[in-house]
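# Architecture and fold: a report
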Amino acid sequence: MSAVALITGGGNGIGRAVAHRFAAAGMSVVVADCEGDAAEQVGAEIEQGGGRAAAIALDVTRAAQVKAALEQALQRFGRIDVLANIAGGSFYTKRIEEFTWAEWKRVIDTNLKGTFLMCRETAPVMQRQKGGRILNTASNYGVTGSALRAPYAAAKAGIIAFTKSLALELAADGIRVNTVAPGPTDTPRVMEKETPEARRQRWYAAIPLGRTGRPEDLAELYYFLTTPESAAITGQLFHCNGGLL
Amino acid sequence: MARLAGKIAVITGGAQGIGRAIALGMAREGAKLVVADLQEGKAEAVAGEARALGAEAIAVAVDVSDEKSVQNLADRSFERFGRVDILVNDAGVYLKAPVIRKTEADWDRTLNVNLGGNFLCARAFVPAMRRQKSGRILSIASSIANTGGREFADYAASKAAIVGFVKALARELGPDGITVNAICPGSANTDMPRRHRSEEETMARLRATPLGQVLEPEDIAGPILFLASDAASYITGQSYNINGGTVML
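Residues numbered from 1 in each chain as written. Chains lettered and ligands numbered in written order. Predicted model: local features only at pLDDT ≥ 70, side-chain atom pairs only at ≥ 80, totals over all residues.

Another aspect to go through is the overall build of chain A. Counting secondary structure elements, chain A contains nine helices and seven strands. The C-alpha atoms of chain A give a radius of gyration of 17 Å, which matches the 18 Å a tight globule of 245 residues would have. Here chain A, with 245 residues, has 55% of them falling under the buried criterion. Once local pairs closer than 6 in sequence are excluded, the contacts in chain A between residues at least 24 apart make up 71%. (Helix = DSSP H or I, 4+ residues; strand = E, 2+ residues; numbered from the N terminus. Rg over C-alpha atoms; globule rule 2.2 N^0.38 Å. Buried ≥ 20, exposed ≤ 12 C-beta atoms within 10 Å, placed from the backbone. Contact = placed C-beta atoms within 7 Å.)

With 27 residues of chain A at the contact, the number on the chain B side is 28 residues. Looking at the side of chain A that touches chain B, the elements with two or more residues in it are helix H6 (150-170), helix H9 (215-224) and strand E7 (237-240) of chain A. Residues of the side of chain A that touches chain B, tallied by class, amount to 14 nonpolar, nine polar and four charged. (Nonpolar A, V, L, I, M, F, W, Y, C, P; charged D, E, K, R; others polar.)

All names here are of chain B. Burial of strand E1 (residues 8-12) is extensive: five of the five residues sit out of reach of the surface. Here E1 shows a buried face lined by Ile-8, Val-10 and Thr-12 and a second buried face lined by Ala-9 and Ile-11. Note on the crossover from E1 through helix H1 (residues 17-28) to strand E2 (residues 32-37): the handedness is right-handed. (Right-handed = clockwise from strand over helix to strand, strands pointing away.)

The subject of this paragraph is the pairing of E2 of chain B. Residue and element names in this part refer to chain B. For E2, a buried count of six out of six residues is recorded, marking the element as mostly surrounded by other parts of the structure. Of the two faces of E2, the one holding Lys-32, Val-34 and Ala-36 and the one holding Leu-33, Val-35 and Asp-37 are both buried throughout. Relative to E2, E1 is paired through five bridges, and the arrangement is parallel. The residue of E2 that forms the bridge with Ala-9 is Leu-33. For E2 and strand E3 (residues 57-61), the ladder comprises five bridges, and the chain directions are parallel. Looking at E3, one finds that Val-34 is bridged to Ile-58. (Pairing = 2+ DSSP bridges.)

With that out of the way, let us pick up the sheet that holds E1 of chain B. All names here are of chain B. Reading across from one edge, E3-E2-E1-E4-E5-E6-E7 is the order of the seven strands in this open sheet, with parallel pairing throughout. If you trace the sheet from one side to the other, it starts and ends with E3 and strand E7 (239-242), each paired once. Sheet twist, expressed as the mean angle between neighbouring strand axes with direction ignored, is 15°. The pairing of strand E5 (residues 135-140) with strand E6 (residues 178-185) spans six bridges and is classified as parallel. Within the sheet, the bridge partner assigned to Ile-137 lies in E6 and is Val-180. The sheet strands contacting helix H4 (residues 104-132) are E1, strand E4 (86-89), E5 and E6, and the helix crosses E4 at an angle near 170°. Against the sheet, helix H6 (residues 153-173) makes contact with E5, E6 and E7, and its axis sits at roughly 165° relative to E6, the strand it touches most. (Axes fitted to C-alpha atoms, helices over the stretch in contact; angles between N-to-C directions.)

This part is about helix H3 (residues 67-81) of chain B. All names here are of chain B. Over its 15 residues, H3 runs 21 Å from end to end, which matches the ideal 21 Å to within 8%, given 1.5 Å per residue. All buried positions along H3 are accounted for by Val-70, Leu-73, Ala-74 and Ser-77. Buried residues along H3 cover an arc of 95° about the axis, so they all sit on one side. Away from its buried face by more than 90 degrees, H3 exposes Lys-68, Asp-75 and Glu-79. For H3, the secondary structure elements touched by its buried residues are E1, E2, E3 and H4. Phi turns positive, to about 80°, at Gly-82, one or two residues after H3. (Expected span 1.5 Å × (residues − 1). Arc of directions from axis to C-beta.)

Right, let's talk about unusual backbone geometry for a bit. Even without a glycine there, the phi angle at Leu-148 of chain A is positive, about 80°. Among the structural elements, Leu-148 of chain A can be located in the loop between helix H5 (141-144) and H6. The phi torsion at Lys-133 of chain B lies on the positive side, around 55°, for a residue other than glycine. By C-beta crowding, Lys-133 of chain B is classed as exposed, having 10 other C-beta atoms within 10 Å.

All names here are of chain A. Two elements in contact, helix H3 (residues 63-77) and helix H4 (residues 101-129), have axes separated by 9 Å at closest approach and are oriented at 35°. Read as a crossing pair, H3 and H4 show a hand that is right-handed. Mapping the contact onto sequence places Ala-63, Val-66, Lys-67, Leu-70 and Leu-74 in H3 and Leu-117, Met-118, Glu-121, Thr-122 and Val-125 in H4. Looking at the contact of H3 with H4, its residues break down into seven nonpolar, one polar and two charged. (Left-handed = near helix turned anticlockwise from the far one by under 90°.)

This part takes up the nonpolar core. Core analysis: the biggest nonpolar cluster contains 159 residues, and Ile-7, Val-29 and Val-30 of chain A together with Leu-33 and Val-35 of chain B have the highest contact counts within it. Excluding anything up to four places from it in sequence, Leu-33 of chain B contacts Ala-9, Ile-11, Ala-23, Met-26, Ala-27, Ala-47, Ala-50, Ala-55 and Ala-57 of chain B. (Core = buried A, V, L, I, M, F, W, Y, C linked by C-beta atoms within 7 Å.)

Our next topic: the environment of Ala-45 of chain B. All names here are of chain B. For Ala-45, the position within the fold is in helix H2 (residues 40-52). We classify Ala-45 as partly exposed; it has 16 C-beta atoms within 10 Å. C-alpha of Ala-45 to C-alpha of Arg-20: the two residues are 25 residues apart in sequence and 9.9 Å apart in space.

Below, the structure is given as structure tokens:
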């Protein structure tokens, strides 16, 4: 029986690369994304490549949708061994006094509350199975802070502490919970806002390895954290940023 | 899937415990090994185990706190294999004693081996890695680097210094395609924790982690194998914590 992974934000960028990496390793993959079409597309790519996949349109900030997504995933594959919470985003770059309450809540809820809701629904499934791995997604900004991205930095720092707490709560059930912190990564969402040249200028000198990250770089780290090689690792933060931080 | 096929790896402190697990793990992944250790007989035994797994392996006696000895290790490694792709700094020592009773000689030895060994080995192997525009340097630090440890002040200082050294070296060598990372293991099931405690007490302490499992040398070797592989080519300057959940940073 192959392991089953549920990936939020799986329709694009890092989530998409993670879905492909997991599928290539033989996992059955549930691709969840608020853009249902993107999730369908990634699911189709995986199945065309000979993998097993299901796609779900999911807004992780909606508890009812999260509950329904879990039911759907279980109905299809019967279990969940790996949960990768990748849905998130900074959405805005502006000064704190210009953020509306609604904008603030959108950033906090998508990143932090979404992670909470997904974990709350998935943990009992993993507890029944007596095992599982949860991978949450932070950012280098969750450690350093970032001018003009205050809610995003706050949400990501929140995810790091949330992960540690959950790791302690679930360790006795054989469930490991860790955080991956991507640095600047070439995802379609950031690449459409910035030319490759502007990106080079902004980042390359600051990154010892001399380039920004690729979604595939991150996918290898997420995958490592699902394997028995990481069996003794829980509650930890894993930066992957070319040495930026 | 031999992730390290054809790679040449030098492992200091490779004769026992975590270093041995790393050496044998790398042998299974297709690497060719230089097992370097102060204890030559034990290093030769590990090289023999690696050969039994089908890997090419030699043993070299080294004192990583001695410039000439480290240079000899580098010479022997290049002589035998022509290049070095992976350097694992695992050689380390400690002497348990309260700070007020620690001798200067003991302090020097801990710092010279644990931290100085990282420096001398980097200096010996980095020029070749720069020329080949690739390389992996991996150091074994300790969770004590972050928590400190009563009567382990020199050890804690040396391990925290490794974390700082790794970050600096990563910045220096990144442009040449060389990554530098560390692992901070918690207390593992090796001879080390048994030196000051009974077997019963040792095992009780080792089991007292959130995950409730004893940290085995293989649990430390796994992440090192990952960091040595192509899968980790974008990771540098990090010190990952492997401790069953006892310390979270």
